Amino acid sequence: MASVSSDEWRAICDKFTNAQNLTVVESLNDPDNDPFRSKYKARELLREIYCSLKSFEAGEGEEESGGETGESGESGESGEQLPVEAPVDGQTEEAFSQGFCGDSPAGLRAAKLGAVEYYLGVNHVDTEELSAGQEHLMNSMKLLGRCRVSSENVSLFIHARNQLGILWAGRDETETAQGFLETAESIYQRYMKEDGSPPTDMADYFSTEENQLTHQERTKRFELAYTHTMYYLAQVYKNLGETERAAIYCHSTLQRQLKLNQFSPMEWALNAATLSQYYITKGRYMEGRHCLSAATVISGLAGEVPSEAAAQESETESERREQLRQKRAEIARCWIKYCLNILQDSKKLLEDSIGELDTDRQEEMKRGRRLEEEEEEKERKSAMLFGSEDTFDSIASLEEKVRCLLPMDFTEARAIFLVGQHYVTQAKDYFQMDGYVTDHIEILQDHSSLFRSLAFYEEDLDRRCKMHKRRVDMMEPVCMELNSKYYLMIRRQMMFELAETYNEMMDLKLTLANRQDETESLDSHTIKKFNNLCSASAKYFQMFLDSLCSPEGKQPEHLEEEVLRPALVARFRVARLYSRLICTSPPGQVENLDKSLEHYKYVVDYCDSHPEAVATVETELELSREMVGLLPLKINRIKAKIHANN
């Protein structure tokens, strides 16, 4: 190959520098009607470099290397003309034991030609000519296949496989992408184990001696390439359904990005917050909290949100304001899910068969708390923690403000509830009803669920009832305002939740009244309040059922799977509510019981004519059959009394 001091070699280096500048810098300013203008120019320079390298090789008596089609430009320039066949990768052992030495003249020639093929491949992929891009990248792999992995070529080995992994993942050939990326991972790990020295960067192949990268810069670029490998593998494993493996790779990617200081604060923060949701669903609240705390701290590195005045004066500031507010609101929503899930998981462990707090179980779990805290400390020491010298303390400080152990009593639950409520306010500030109806309502529903979860721990029934009243107050106006034509499913959800909430309040009021005066009958004020709550619950269940009817008001003969259980449960609940209304007038009692019987009969008749529905409402169906047998007797007794009195 030509001497690095020759004019010819310097000309090649200049062409490469120009090609890189066209690709990275000039292409950003290409017009919309010619979006790849700079990249096409870069492609021509890369072809010229390839021809020059081949002529040097021929001049030195080397045998022609096969595979390059860049000179003629026939490697799929017209797009997807070439047959797309998934190649196989994975020969890590051979890559380290066979072929030319990386620092030999033949090894260096192969690496330089392979690098040009790599850049041509990326260029074609960038211009949406994927078949041509694939061919160039595979040519790069073939050239590298002549060499053993060494510090002179290991970076190119990994970059080429990363690009092929991306290309095949884009074609939904996930397993093919997996092969390339896992080989890249294996090459990196073995190289670091057996050598570990700062490898030659691909740009150094075409740099004069005075422009060579430092060892520190080489190391950083190499580590960043492997970080990309891990990032792409995380996506591959996610698409393959290997969620735990995907989470591990995502976590490691985020950790490496911080260490290398190669990240966009808001993008990194949103990825960390998203990862937290995986940990939360697995009950791994320490890791979930750590991801969210890191997300909050790192998002702060993006700076303050521009004011409305600044946004009005500058389009750039307006876009920045929008992005910062939206992404921070999305992180806040992830915090809400954290608080809600930890409260709900605790409730599942502590509730008895009727949904009340099991105090014996509570005491048992409290006794085991010290062991949990010791385990948490051990796990924390062995966990993959985020942060740098600048951010680690801030992340740890935020973590201390939020529990990651399941709450055992009202005080602990309330502390988590307040954190969740803080982030509800933050999320609602961006996701407002005007413009974000669905998001706003989902946040309202989460807020309602936070109150419901907290109420479970509250021993004072009056205060518990007030918590449920807060739920009604936040949801009822919104539910009534929604247009069923556009938001039918959301409105149904809210109707059902309001019905259940009123039902819970009714039960609490009755229990409270009975506790206060167990020797006397209920006073008229208590009866009125009880009946109002009972009627409100029945009203919203009926609204839900009416929403299933045709425009003419006809009940559906067949209930769709997604509404089957809710519809039959609503019928059952309405039947139960009518039977519980307190009425001193016998005719009124008969009227309420007739309505109750009608709804019980519907549940029984529907299940009899649709046997597939039985499994969805086994308990409700059993009770409905029982009530269909008992209620007529009760109705007849009341009618007999009315007749006798007349």
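Rules used in this analysis
- Residues numbered from 1 in each chain as written.
- Predicted model: local features only at pLDDT ≥ 70, side-chain atom pairs only at ≥ 80, totals over all residues.
- Heavy atoms only, no water.
- Helix = DSSP H or I, 4+ residues; strand = E, 2+ residues; numbered from the N terminus.
- Rg over C-alpha atoms; globule rule 2.2 N^0.38 Å.
- Contact = heavy atoms within 4.5 Å.
- Areas by Shrake-Rupley, 256 points an atom, 1.4 Å probe, with all protein chains shown as cover.
- Buried < 20%, exposed > 50% of the residue type's maximum accessible area, 1.4 Å probe, protein only.
- Phe/Tyr/Trp six-rings, centres within 6.5 Å; stacked < 30°, edge-to-face > 60°.
- Lys NZ or Arg CZ within 6 Å of the ring centre and 35° of its normal.
- Expected span 1.5 Å × (residues − 1).

Focus on the overall build of the protein chain
For the protein chain, the helix and strand inventory stands at 24 helices and 0 strands. What you see for the protein chain is a C-alpha radius of gyration of 34 Å, clearly larger than the 26 Å of a compact globule of 646 residues, by over 25%. The principal-axis extent of the C-alpha atoms belonging to the protein chain is close to 125 × 55 × 55 Å. Considering only contacts in the protein chain between residues 6 or more positions apart, those separated by 24 or more positions represent 72%. Within the structure as shown, the protein chain displays about 32,600 Å² of accessible surface, and the carbon and sulfur contribution to it stands at 47%.

A short note on the environment of T227
Mapping T227 onto the fold places it in helix α8 (residues 215–239). Overall, the relative accessible area of 1% leaves T227 in the buried class. When the C-alpha atoms of T227 and R256 are compared, they prove to be 6.5 Å apart, with 29 residues separating the residues in sequence. When sequence neighbours within four positions are dropped, the list of residues in contact with T227 reads T253, R256, Q257 and L260.

What to know about the packing of aromatic side chains
The way to describe two aromatic rings as a pair is by their centre distance and the angle between their planes. Counted by the stated rule, this structure contains 27 aromatic pairs. Ring centres of F16 and Y119 lie 5.3 Å apart, and the angle between their planes is 65 degrees; on these two criteria the pair is classed as edge-to-face. One end of the pair, F16, is in helix α1 (residues 7–24); the other, Y119, is in helix α4 (residues 105–126), and 103 residues separate them in sequence. For F16, a relative accessible area of 4% translates into the label buried. Note on F456 and Y457: the rings are 5.2 Å apart at their centroids and 85 degrees apart in plane angle, and the pair reads as edge-to-face. As far as the burial class goes, F456 and Y457 line up, both buried. Members of the aromatic cluster, connected to one another through ring pairs, are W9, F16, Y118, Y119, Y205 and F206. Sitting over the ring of F431, R333 keeps its end group 5.2 Å from the ring centre. The lysine or arginine in question, R571, covers the ring of Y602, its NZ or CZ lying 3.9 Å from the ring centre.

Points about helix α6 (residues 154–170)
Between its terminal C-alpha atoms α6 stretches 25 Å, which fits the 24 Å expected from 17 residues at 1.5 Å a residue. Backbone geometry just after α6 places D172 at a positive phi near 65 degrees.

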